[in-house]
Each structure stands twice: as C-alpha cells, then as structure tokens.
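# Structure assessment
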Amino acid sequence: MHLEILVEDQSGKKMLDIWPKTISGDSTMEDYRLLIDLHKRSKRLGPGGDAETEEAVRLARIDRGAALKVADIGCGTGASTLVLARLLNARITAVDFIGDFLEVLEDRAEREGLSGRITTVTCSMDQLPFEDESLDVIWSEGAIYSMGFENGVSQWNRFLKKGGLLVVSEITWTTSSRPLEIQTHWDNEYPEIDLASSKTAVLEKHGYSPTGYFVLPEHCWLDNYYGPLQEGFDEFLRRNGNSDEARDLVAAEQREIDLYRAFKDCYSYGVYIARKV
C-alpha cells in the first residue's frame, strides 16, 4: 500500500504526499520517519544507475554544452541529479518533498564541487513552482508513480518549452501476461502499471512525441538498489531499537525484494524519452 500523509506547507494549505513504499495500511508519522531513516543513507531510492542515466542523456540527444534549464522531479538523495550536473552545462532544480533527502543531495553536491549547478526545492511534485514553458528538460527517475504516470506527464507538460524533453522512468510490464501473484500485487500497489505501448500512447495523448525507450537491466535493481538497501537493514534495526515498526518495515522491503527476484522477467522500470510538440 502507499503511505499517505497530510501535512501543511508555510501558507497553511494542506497537501497530500504519497510515499510509494509497501508498509502497513495504518501508517503513522513514526512509519514515515522510519522510511526516511532507512533510505536517506542510500545513494539510490529506487532502481537505476549512473550509466543508465547517461544512456538516457545520449538517447535524448541533449546538447551537453548548451545552457539548459533542467528540473529533476522526485530527485530523492540526488543520484540522477549529480550525474546530470556532471554531464551537462545546465542549471538543475532538484525537487523533492522530503527535506532530509535534499540535505543529503546538498552535502554530496558540495563534496563534488557541483553546488553551483544545483538548486534544491522542497515541494510536492504536483505543486511545482515553475513558470509555463520555462524548462528545457524535465527529468524524473522512479518517482512519477507517486502521482500517477498520466497525471504527471499531463501536469508537467506546461512547464516545458515547445520542443523540450521529458525523460521519465516508470514501472512497466515487460511481458504480455504474468503469474497471478505478481499481477495481483501490482494491481493493488499501482493499477497504472502497463505495457510500454500503452505508456507511449499516454505520452502521445498529452502532447508529446516519444523518441526513445529502454528497460532498466537487472543490476539496476539488485546491485544498485536492493543490495545496498539490504546491507543496511541490521544497522537500521539497531538505530531504531529493533522496534516492531522497524521490523515490519524491513519485512515489507524484503517482501518487495523477494517478489522482484521471483518475477523479474515480468516487469522493470522503462525509461521513456519524449519531446513536447
């Protein structure tokens, strides 16, 4: 299930933020704190890889020398943000709802000498602060399903300049049929999961011309994300007094890992590249 938390921003307006992690349906602020504590020490908050981010830059044919305005939406602790800052002559606005994650990104950018290229903004991805047609590139790895793929690409279109690029990774079926267990899991977790052909049709429906697509390979899940996450489970439990809540969270994460290992031929993240028309 998705964790849904109502909070208030500085104006007092209530916002709904969704953290796409599998935990108890009776989620509390303690569950939320534990999620942040588990993940904020990780380089990646989801499947991906530096090489795959660079491959997406290549397939998108982004001019690496151009002075671009880029938004990395749902950036987490900044794995993709930092790669983009190394590769591009761009001003990057890194957006995430979790300030703790952005602090990690800021520290990493400072250590790499990239702070001058990155500005962090704490906000929900459905309340972005950008002006219409102000961005050359919108980038989002493993985050858009927090608001739904169709909702996200529809809302974000207006921020792109005409001809601007959308690069987004989205959970995608890679087979036309699959066992009932994994079908039921994803039907409950994220009913928008679908084949790449259907995702491409959504992009076309909302004013984009798809130009590229590839599937994240297995090492992006097991070596880059799940492996490091598992390595931190014992220390996470010690930090949190081996509480029932912490053990429940680790069990839920392990269940997600086990499902991927069992059914990895059926789904992955697809990386979609499209240009605003």
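You'll find the structure just up there.
Residues numbered from 1 in each chain as written. Predicted model: local features only at pLDDT ≥ 70, side-chain atom pairs only at ≥ 80, totals over all residues. Heavy atoms only, no water.

Remember that side chains alternate between the two faces of the sheet whenever the strand is regular. In terms of residue burial, strand E6 (residues 135-140) counts as a mostly covered element, since six of its six residues are buried. Looking at chain direction, E6 and strand E7 (residues 160-173) are connected through five bridges and run parallel. Residue pairing across strands places Val-137 opposite Leu-165, the latter belonging to E7. Regarding the hand of the β-α-β motif, the stretch spanning E6, helix H5 (residues 149-156) and E7 is right-handed. (Buried < 20%, exposed > 50% of the residue type's maximum accessible area, 1.4 Å probe, protein only. Helix = DSSP H or I, 4+ residues; strand = E, 2+ residues; numbered from the N terminus. Pairing = 2+ DSSP bridges. Right-handed = clockwise from strand over helix to strand, strands pointing away.)

Further remarks concern helix H2 (residues 50-60). All of the buried residues in H2 are Glu-52, Thr-53, Ala-56, Val-57 and Ala-60. Buried residues of H2 fall within an arc of 150 degrees about the axis and therefore sit on the same side. The secondary structure elements touched by the buried residues of H2 are helix H3 (79-87), E6, E7, strand E9 (208-215), helix H8 (218-231) and strand E10 (267-276). Two residues or fewer past H2, Arg-61 is found with a positive phi of approximately 55 degrees. (Arc of directions from axis to C-beta. Contact = heavy atoms within 4.5 Å.)

Applying the stated criterion across every chain yields a total of 15 salt bridges. With a closest N to O distance of 3.0 Å, Arg-44 and Asp-50 form a salt bridge. On the basis of relative accessible area, Asp-50 is assigned to the partly exposed category, the value being 27%. Its salt-bridge partner being Arg-247, residue Asp-244 comes within 2.4 Å of it at the nearest N-O pair. You can see Asp-244 and its partner Arg-247 sitting in helix H10 (residues 244-263), three residues apart, about one turn around the helix. Members of the salt-bridge network, linked through shared partners, are Asp-37, Arg-41 and Arg-239. (Salt bridge = Lys/Arg side-chain N within 4 Å of Asp/Glu carboxyl O.)

Here we come to a negative patch on the surface. On the surface, Asp-100, Glu-103, Glu-106, Asp-107 and Glu-110 cluster together into a negatively charged patch. Mapping Asp-107 onto the fold places it in helix H4 (residues 99-112). (Patch = residues over 30% accessible without salt bridge, like charges linked within 9 Å, V, L, I, M, F, W, Y side chains within 5 Å. Areas by Shrake-Rupley, 256 points an atom, 1.4 Å probe, with all protein chains shown as cover. Lys, Arg positive; Asp, Glu negative; His and termini not counted. Charge placed at Lys NZ, Arg CZ, Asp CG, Glu CD.)

Buried together is how nonpolar side chains tend to be arranged in soluble globular proteins. Counting residues in hydrophobic clusters, the biggest one holds 83 residues, and the most contacted among them are Ile-62, Trp-156, Leu-166 and Tyr-267. Contacts of Leu-166, omitting those with residues within four sequence positions, involve Ile-138, Val-153, Trp-156, Leu-160, Leu-203, Tyr-208, Tyr-272, Ile-273 and Ala-274. Grouped together as the second largest cluster of nonpolar side chains are five residues, Tyr-32, Phe-97, Ile-98 and Phe-101 included. (Core = buried A, V, L, I, M, F, W, Y, C linked by side-chain atoms within 4.5 Å.)

Turning our attention to the packing of H2 against H3. Running from amino to carboxyl end, H2 crosses H3 at an angle of 55 degrees, the nearest separation of the two axes being 10 Å. Considering their axes alone, H2 and H3 lie oblique with respect to each other. When you trace H2 past H3, the crossing you get is right-handed. Facing H2, whose interface residues are Asp-50, Thr-53, Glu-54 and Val-57, H3 presents Ala-79, Ser-80, Val-83, Leu-84, Arg-86 and Leu-87. Among the residues forming the contact of H2 with H3, the class breakdown is five nonpolar, two polar and three charged. (Axes fitted to C-alpha atoms, helices over the stretch in contact; angles between N-to-C directions. Parallel < 35°, antiparallel > 145°, perpendicular 65-115°, else oblique. Left-handed = near helix turned anticlockwise from the far one by under 90°. Nonpolar A, V, L, I, M, F, W, Y, C, P; charged D, E, K, R; others polar.)

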